[in-house]
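A closer look at the structure
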Amino acid sequence: MWCIPCDLFQIVQLQNHTHYPEPILTEPNHSSGLVDVWLLNGTSMIGADSPGSVSPDWQIADVGDFNGDGKADILWRHTSGSLYIWLMNGTSVIGTGSPGGTSTDWQIQ
């Protein structure tokens, strides 16, 4: 995963287990909370959509295939330490849930 700082958002590359198309996720926009997913084929954008928005106290903690379907999912972490998962299919959230939480002094790797 890599990030590029920007005034309004960060770009986060999701691990793509199917290798086509390659999804790119933007960290929530600081003013609107909107999350965008861009689907790329090489350097060409072939699709884009927003699976939703979050409040500023949530940040992307990790991405990975959390349900074993071969597609990248999003793990969110609240400033309180609570965790929440968006199970994804491209740009769509197909399921959600919370595995619990951790104290804020724990790091997710």
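Note that the structure is a prediction, hence the values are computed from the model and not measured.

**Concerning the overall build of the chain**
For the chain, the helix and strand inventory stands at zero helices and nine strands. When the elements of the chain are put in sequence order from the N terminus, they spell out β-β-β-β-β-β-β-β-β. By residue count, 33% of the 109 residues in the chain fall in the buried class. A separation threshold of at least 6 residues defines the contact pool for the chain, and within that pool the share at least 24 residues apart is 26%.

**Digging into the pairing of strand S8 (residues 82-89)**
By the bridge criterion, four bridges tie strand S7 (residues 73-78) to S8 in an arrangement that is antiparallel. Residue pairing for S8: Leu75 is matched across the bridge by Ile85. Hairpin connection, S7 to S8: the antiparallel pair is bridged by three residues, and Gly81 has positive phi, about 105°. With seven bridges connecting them, S8 and strand S9 (residues 92-101) associate as antiparallel partners.

**Examining the sheet that holds S7**
If you trace the four strands from one edge of the open sheet to the other, you get S6-S7-S8-S9, paired in antiparallel fashion. On the outer flanks of this sheet lie strand S6 (58-64) and S9, each paired with one strand and no other. Here the average twist between neighbouring strands, direction ignored, is 25°.

**Digging into the confidence of the model for the chain**
On average, residues of the chain score 77 in pLDDT, and 73% of them reach the 70 mark or higher. With pLDDT under 50 throughout, residues 1-8 is counted as low confidence; its partners more than four residues away or in other chains account for 17 contacts.

**Description of the packing of aromatic side chains**
According to the stated counting rule, one finds two aromatic pairs in the structure shown. With a centroid separation of 6.4 Å and an interplanar angle of 65°, the aromatic rings of Trp58 and Tyr84 are classed as edge-to-face. Residue Trp58 is located in strand S6, and its partner Tyr84 is located in strand S8; the two are separated by 26 residues in the primary sequence. Look at Trp58 and you get partly exposed, because its relative accessible area is 22%.

Conventions and cut-offs
- Position labels on residues start from 1 in each chain and follow its written sequence.
- Predicted model: local features are reported for residues with pLDDT of at least 70 only, side-chain atom pairs are reported and counted for 80 or more only, and whole-chain, interface and lining totals are derived from all residues.
- Note: side-chain values were computed over all heavy atoms of the structure, leaving out hydrogens and water.
- Counting from the N terminus, the helices are DSSP H or I runs at least four residues long and the strands are E runs at least two residues long.
- Per-residue accessibility, obtained with a 1.4 Å probe over protein chains only, is compared with the maximum for each type, and a residue is labelled buried under 20%, exposed over 50%, and partly exposed between these values.
- We call two residues in contact whenever any of their non-hydrogen atoms come within 4.5 Å of each other.
- Pairing between two strands requires that DSSP report at least two bridges joining them.
- Between N-to-C directions, angles span 0 to 180 degrees; the directions come from axes that are lines fitted to C-alpha atoms, helices contributing only their stretch in contact.
- pLDDT is defined as a per-residue confidence score from the predictor, taking values between 0 and 100.
- Aromatic contacts are taken between Phe, Tyr and Trp rings whose centres are within 6.5 Å, Trp giving its six-membered ring; a plane angle under 30 degrees counts as stacked, one over 60 as edge-to-face, and the others as tilted.

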